[in-house]
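Understanding the architecture of this molecule
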Amino acid sequence: VLSLSEEEWAACRNDAATLLEHLGLSGWHTSRKFRLFCCAAARRVSHLNELNADELLRVAEADAEGKADTADLAKALAQVDEYMHPTNSRVRRRRYARFKAQRWRWNAVYAALLALAPSRQANEWRSAVCIAKLVTWPPEESPAAELSAREALVRDIFEDPFRPASQRIDPKQLSTAVIAMAQGIAADQAFDRLPILADALEKSGFGDPAVLAHCRECSAHARGCWVVDLLLDLGVALYVEPVAPPDAAAYNRTRINTHLPPCR
Ligand SMILES: [Zn+2]
């Protein structure tokens, strides 16, 4: 399934990749949004990442917002590349053997790499789909919790493309108090303040039910949360050109690469 109906979108569970494919192929996207999904999903598995994942993802997030230092970015990329493809052949053999036995570790680092350099999978959207599909749990563990969290991330970062609140609310009409509150939440990543923001929005006459429900009921927010982005007029998932032609046959021919690096 590439393009979903409204019912399919609402009913789709634990399948972030299908939701992301729909968003990309139907044109509901910004590159920034897909990158922020990559960062948030990579953060979920940063405990498996033996590199300094916090620093790598801080750089990736800054770059998604167009604010990364180029030297920081180059350094982070070099670090990940050296880890995944060590130049020393003995280190490389050992590491590949370990990756083969613990594939999820490689995948956790790969997620951070794609967050830093989405062009390694053609573009931001393909990187997001790839991370959504990565196996980052050992075989004895159930994937349900992780897959459900990835679905929640998509639904937090991207608004419902069938009923976009961004077409009902013009951020330019918001009061400066509401905007300042949203700026504070974004700056501190303090999503626990969203219910207070909902009250302020309602009082100032912006009682959009979808926005209020998201502020009051959603418990999992990430950088790029669609409500905060909408209020700050920040690359909301407005309709733009599809990232790829909606050609199912061509899309199915291109395989997402989640394979181990070749052992040389
Ligand atoms: Zn949110």
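That block above? That's the structure.
Please read these numbers as outputs of a predicted model, since none were measured by experiment. (Residues numbered from 1 in each chain as written. Predicted model: local features only at pLDDT ≥ 70, side-chain atom pairs only at ≥ 80, totals over all residues. Heavy atoms only, no water.)

As a further point, take the side chain of Thr136. Among the secondary structure elements, Thr136 is positioned in the loop between α8 (124-133) and α9 (144-157). Within polar-contact distance, the side chain of Thr136 engages the side chain of Arg150 at 2.8 Å. If we ignore the near neighbours within four places in the chain, the residues touching Thr136 are Val45, Leu48, Trp104, Asn107, Ala108, Glu146 and Arg150. (Helix = DSSP H or I, 4+ residues; strand = E, 2+ residues; numbered from the N terminus. Polar contact = N/O pair within 3.5 Å; in protein donor to acceptor, adjacent residues only side chain to side chain. Contact = heavy atoms within 4.5 Å.)

So, on to the coordination of the zinc ion. Looking at the zinc ion, one finds its protein donor set to be Asp156 (OD), His214 (NE2), His221 (ND1) and Cys225 (SG), positioned 1.9 to 2.2 Å from the metal centre. One can describe the site at the zinc ion as tetrahedral: its four donor atoms subtend angles covering 90 to 122 degrees at the metal. The sequence pattern describing where the donors of the zinc ion fall on their chain is D-x57-H-x6-H-x3-C. Separated by 69 residues along the polypeptide, Asp156 in helix α9 and Cys225 in the loop between α12 (209-217) and α13 (226-231) bring together distant segments of the chain. With a relative accessible area of 0%, Asp156 lands in the buried category. (Donors = N, O, S within 2.8 Å, 3.2 Å for Na, K, Ca; no water. Tetrahedral: all angles 85-135°; square planar, octahedral: opposite > 155°, others 65-115°. Buried < 20%, exposed > 50% of the residue type's maximum accessible area, 1.4 Å probe, protein only.)

With respect to the helices and strands, the residue Tyr110 is situated in helix α7 (residues 103-116). Overall, the relative accessible area of 6% leaves Tyr110 in the buried class. Expressed as a C-alpha distance, the spacing of Tyr110 and Ala42, which sit 68 residues apart in the sequence, is 8.6 Å. Here Gln121 takes part through its side chain, which lies 3.1 Å from a polar atom of the side chain of Tyr110.

Two elements in contact, helix α6 (residues 89-101) and α7, have axes whose closest approach is 4 Å; the angle formed by their N-to-C orientations is 105 degrees. Comparing their axes, α7 and α6 come out roughly perpendicular. Taking contact as the criterion, the partners of Arg98, Phe99, Lys100 and Ala101 in α6 are, on α7, Arg103, Trp104, Arg105 and Trp106. Looking at side-chain class alone, the contact of α6 with α7 contains four nonpolar, no polar and four charged residues. (Axes fitted to C-alpha atoms, helices over the stretch in contact; angles between N-to-C directions. Parallel < 35°, antiparallel > 145°, perpendicular 65-115°, else oblique. Nonpolar A, V, L, I, M, F, W, Y, C, P; charged D, E, K, R; others polar.)

In terms of nonpolar packing, the biggest core is built from 51 residues, with Leu20, Phe37 and Leu116 touching the most fellow members. Elements represented by at least two residues in this core include exactly α2 (16-26), α3 (31-44), α4 (53-64), α5 (70-84), α6, α7, α8 and α9. Sorting elements by how many residues they give to this core places α7 first, with nine residues. Leu20 has contacts with Phe34, Phe37, Trp125, Ala128, Val129, Ala132, Val154 and Phe158, leaving out every residue within four places of it along the chain. By size, the runner-up hydrophobic cluster in this structure holds 21 residues, among which are Ala165, Ala182, Leu194 and Val211. (Core = buried A, V, L, I, M, F, W, Y, C linked by side-chain atoms within 4.5 Å.)

Take α8 next. Burial analysis of α8 places eight of its ten residues in the buried class, which makes it a mostly covered element. Considered for burial, the residues of α8 that qualify are Trp125, Arg126, Ser127, Ala128, Val129, Cys130, Ile131 and Ala132. Between the side-chain oxygen of the N-cap and the backbone nitrogen of Trp125 there are 3.1 Å, and the N-cap of α8 in question is Asn123.

Inspection of every chain in the model, using the stated rule, returns 22 salt bridges. A salt bridge links Arg155 to Glu151; the nearest nitrogen and oxygen atoms lie 2.7 Å apart. In this pair, Arg155 and Glu151 are both assigned in helix α9, four residues apart and thus about one turn of the helix distant. Of the residues examined, Glu151 reaches a relative accessible area of 7% and is grouped as buried. When the shortest N-O distance is used, the salt bridge between Glu202 and Arg216 registers 2.8 Å. Placement of Glu202 in helix α11 (residues 194-203) and of Arg216 in helix α12 is noted, with a sequence separation of 14 residues between them. Exposure remark for Arg216: the relative accessible area of 38% places this residue in the partly exposed category. Each member of the salt-bridge network shares a partner with another, and the members are Arg32, Lys33, Glu65 and Asp229. (Salt bridge = Lys/Arg side-chain N within 4 Å of Asp/Glu carboxyl O.)

Moving on, we get to the state of the cysteines. Scanning all chains against the criterion turns up zero disulfides. Not engaged in a disulfide, the cysteine Cys38 finds its nearest cysteine sulfur in Cys39; these two sulfurs lie 6.7 Å apart. With no disulfide of its own, Cys130 lies closest to Cys38 among cysteine sulfurs, the gap being 8.6 Å. Classification of Cys130 as buried rests on a relative accessible area of 0%. (Disulfide = S-S within 2.5 Å.)

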